[in-house]
Amino acid sequence: MRQMFTAGTAVALIAAAAVPGAAQTRPAGSQVAAAQPITAAERQQGQQISQELIQQFGGAWTGPQVPYVTRVARTIAVQSGLSASPSDFTVTVLDSPVDNAFATPGGYIYVTRGLLALMNDEAELAGVLGHEVGHVAARHSQSRQRTATRNSILGVLGQVIVGAVAGDGQLGQFLNRGISTGAQLATLGYSRGQETQADQLGVRYLNGARLDTDALSSMLASLAAQNSLNGQISGQTRSVPAFASTHPEPQARVRTALNDATKVGGTQYPRNRDAFLTAIDGLMYGDNPRQGVIQGREFLHPDLRIAFTAPQGFSMSNGTQAVSITGGNVQAQFTTRAFTGNLDSYARAALGDLLGQNGQVPQTAAQRTTVNGTPAAYLTVRATADNRQLDVTIFAYQTAPDRAFHFAILAPAGQGIGGASTLVQSFRTLTAAQAAQIKPRYVRVVTVRANDTVQSLAGRMAFDEYKVERFLVLNGLASNAAVRAGDRVKIVTY
């Protein structure tokens, strides 16, 4: 969440619009048919949504890793047949900690720095991007890009509230799935067959680029391990990374990709590990403090000098225009809007944003209070959807003469803000000293020394817990793995 909110988690695996005559994938081990070339209409589609996608993921990362990633992405993309010219592919590294990559029509390829940090060699990078280009080459989706561009966090909530007031049942569907980022809403659209086909294409593109075809399998294994660790850390076993949250179960995808690599061949090709590690050394890891950071149950924004704490058992994700918070039967998001100095007017306007043109904001004034020394105002209205009633609450805070923030909260009717009471009471401002303590983390590539062990290297990780587990997953190592003198490994430090 940036000053006016660009960040964190957002849209996921996005493919091109379907067109007649799309390429067909042949059985494993055979020569793959080339895709039909990029059309002028597809280039226009990709260009139209590019800036919005980049904004949804916190903007473009401009670090020294970009030229290397661009070269690898173009090398793998030309294997698809979409174009023989590397310059026809536009590659963007996204400033997001989320593990994600996607491609859109017209030769646009995206990968987050979060996913880059999890990779361990050039072949894994190429395999992931080959999978995404494969979706585009096979023309797997007719409307994926439209879904992506309209599903910003604030937009999703606004749409469903409008639906509730209009009685079209959208809010009931929304409550069944909870407040989601664009990634969670868009990810599950691919069929099992389409995901398998994209994996197969990724393996074949690796073979064509003369990179180890086992790499997609090992990357999928790392994603599954990261997902498992995320669940262990948060206590929520259902959290799924965007790239891996498709219909085939992740471990099954690992096995299938490994089997496909054996059939295709190419396992003798290099992985170019040293080149990759050299390129990503110094890459920012995790949340960018300029967008706010999530540390455990706390959201902290050093630039805006604000913070709040999610209740025990709730989950948070830092999104494009808001922070999404979900737990039990309560769903909320934290965001901002224009503020003219009147907190009552601000709260009513924020509610109006959700209700839309068809909604009616009550004429009663917002109730006033103070939270940890900060002036606050709140109001609640009742909405109905699918024969279900719920309370919609705006809880707003004024932190400066020209700045305010608010939570939008959904809870079953009669519960007000329900289990979010501790959430709204946790909002606080940060002192300059507290804000200065929030520092970015970075991936550092180090050479293993003679006396180093997994435990000693993990001890250097800039985390308070799960240091060994984080080190193992970051480096794609098994739980019983050992390190050898001379090896190069990744750690995360300040």
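This structure is a prediction, so every number in the text was calculated from the model and none was measured.

Strand order in the open sheet formed by three strands is E1-E3-E2, with mixed pairing between adjacent strands. At either end of the open sheet lies a strand with only one pairing partner, and these are strand E1 (90–94) and strand E2 (101–104). Between one strand axis and the next, the sheet turns through 15° on average, direction left out of account. Bridging between E2 and strand E3 (residues 108–112) involves four bridges; their strand directions are antiparallel. Paired with Ala-101 across the bridge in E3 is Val-111. On the sheet, helix H2 (residues 66–77) packs against E1 and E3 and is oriented at approximately 135° with respect to E1. Where helix H4 (residues 122–137) meets the sheet, its contacts fall on E2 and E3, and the angle it forms with E2 comes to roughly 30°.

Enumeration over the complete set of coordinates arrives at 15 salt bridges. Across the pair Asp-95 and Arg-290 runs a salt bridge, and its minimum N-O distance is 3.8 Å. You can see Asp-95 sitting in the loop between E1 and E2 and its partner Arg-290 sitting in the loop between strand E4 (284–285) and strand E5 (293–295), a full 195 residues away along the chain. Residue classification places Asp-95 among the buried positions, given a relative accessible area of 1%. A residue is classified by how much of its surface remains accessible, and Arg-290, at 48% relative accessible area, is partly exposed. Connected via shared salt-bridge partners are Asp-121, Glu-124, Asp-212 and Arg-271.

Mapped onto the elements of the fold, Phe-57 is located in the loop between helix H1 (40–56) and H2. As for Phe-57 and Asn-100, which are separated by 43 residues in sequence, their C-alpha atoms are 10.0 Å apart.

This brings us to the pairing of E3. Burial within E3 is extensive, with five of its five residues counted as buried. Of the two faces of E3, the one lined by Tyr-108, Tyr-110 and Thr-112 and the one lined by Ile-109 and Val-111 are each fully buried. Bridge count between E1 and E3: five bridges; the pairing is parallel. Pairing of Thr-92 across the sheet is with Tyr-110, part of E3. Between E2 and E3, which pair antiparallel and follow one another directly, the connecting turn spans three residues, one of which, Gly-106, has a positive phi of 85°.

So, how was this worked out
Residue numbering note: each chain is counted from 1, following its sequence as written. It should be noted that, the model being predicted, local features are given only for residues of pLDDT at least 70 and side-chain atom pairs only at 80 or more, the latter also being counted only at that level, while totals for whole chains, interfaces and linings use all residues. Only heavy atoms go into the side-chain values, all of them from the structure, while hydrogens and water stay out. One requirement defines pairing of two strands: DSSP has to find at least two bridges between them. A run of H or I in DSSP counts as a helix once it spans at least four residues, and a run of E counts as a strand once it spans at least two, with each numbered from the N terminus. What counts as an axis is a line fitted to C-alpha atoms, over the stretch in contact for a helix, and the angles between N-to-C directions run from 0 to 180 degrees. Contacts are assigned to residue pairs that have any heavy atoms within 4.5 Å of one another. Note on definitions: salt bridges are taken to be side-chain nitrogens of Lys or Arg within 4 Å of carboxyl oxygens of Asp or Glu. The classification of residues rests on relative accessible area computed with a 1.4 Å probe and restricted to protein chains. Under 20% of the type maximum is buried, over 50% is exposed, and intermediate values are partly exposed.

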